[in-house]
Amino acid sequence: MSDTEVYDFGLRLRQLREARKISRKAFAKKLGVSKETIYRYESNVQTPSLDRTKQMAIILQTSMDYLVGFSDDPGLTREQRKALEQFLLAFRE
């Protein structure tokens, strides 16, 4: 990320959640919070704890660095990871 770009935790969180096709309600359930809390995280009204951010990264299959703005690489989606694994298996054969 360049110095001129604005980092937005809530936007990254929402984009990752939607890319993984996880509803706010389902995401909230996995985190043990209300869907309103997820809305507040995504709206940058509330900031999650370090432990909660770690849980989010695990659920969303991304790095904490990406979530908190230290990296621009969100990691692979489940579908991308599966496609890569299939390609590597075919390549080895």
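What you see is a predicted model; the values in this text were computed from it and never measured.

(A) The overall build of the protein chain, seen in detail. Counting secondary structure elements, the protein chain contains six helices and zero strands. From first element to last, N terminus to C terminus, the protein chain shows the α and β order α-α-α-α-α-α. Seen along its three principal axes, the alpha-carbon backbone of the protein chain occupies a region of about 50 × 35 × 20 Å. Residues classed as buried in the protein chain amount to 30% of the 93 residues present. For the protein chain, long-range pairs separated by at least 24 residues make up 49% of all intrachain contacts whose partners lie at least 6 apart in sequence. Summing over all exposed atoms, the protein chain offers an accessible surface of approximately 6600 Å²; the carbon and sulfur share of this is 53%.

(B) Spatial organisation of unusual backbone geometry. A positive phi is found at K21, a non-glycine position, where the angle reads about 55°. Position of K21 relative to the elements: it lies in the loop between helix 1 (9–19) and helix 2 (24–31). Despite not being glycine, Q61 shows a phi value in the positive range, around 50°. If you trace the backbone, Q61 turns up in the loop between helix 4 (50–59) and helix 5 (64–67).

(C) Examining the pattern of salt bridges more closely. The full count for this structure, using the stated rule, is four salt bridges. Residue R17 is joined to E42 by a salt bridge in which the shortest nitrogen-to-oxygen separation is 2.5 Å. Highlighted residues: R17 in helix 1 and E42 in helix 3 (residues 35–42), separated in sequence by 25 residues. Given a relative accessible area of 6%, R17 falls into the buried group. In this structure, R24 engages E42 in a salt bridge whose closest nitrogen and oxygen atoms are separated by 2.9 Å. Separated by 18 residues along the polypeptide, R24 in helix 2 and E42 in helix 3 bring together distant segments of the chain. One network of salt bridges, in which partners are shared, links R14, R17, E18, R24 and E42.

(D) Main features of the packing of aromatic side chains. According to the stated counting rule, one finds zero aromatic pairs in the structure shown. Seen from the ring of Y66, R12 lies directly overhead, with NZ or CZ sitting 4.2 Å from the centre.

(E) Structural detail: the nonpolar core. One finds L13, F27, L31, I38, M56, L60 and L67 to be the most contacted residues of the largest nonpolar core, which totals 16 residues. Only helix 1, helix 2, helix 3, helix 4 and helix 5 provide two or more residues apiece to this core. If we ignore the near neighbours within four places in the chain, the residues touching L13 are F27, Y41, E42, M56, L60 and L67.

Conventions and cut-offs
Residues numbered from 1 in each chain as written. Predicted model: local features only at pLDDT ≥ 70, side-chain atom pairs only at ≥ 80, totals over all residues. Heavy atoms only, no water. Helix = DSSP H or I, 4+ residues; strand = E, 2+ residues; numbered from the N terminus. Buried < 20%, exposed > 50% of the residue type's maximum accessible area, 1.4 Å probe, protein only. Contact = heavy atoms within 4.5 Å. Areas by Shrake-Rupley, 256 points an atom, 1.4 Å probe, with all protein chains shown as cover. Salt bridge = Lys/Arg side-chain N within 4 Å of Asp/Glu carboxyl O. Phe/Tyr/Trp six-rings, centres within 6.5 Å; stacked < 30°, edge-to-face > 60°. Lys NZ or Arg CZ within 6 Å of the ring centre and 35° of its normal. Core = buried A, V, L, I, M, F, W, Y, C linked by side-chain atoms within 4.5 Å.

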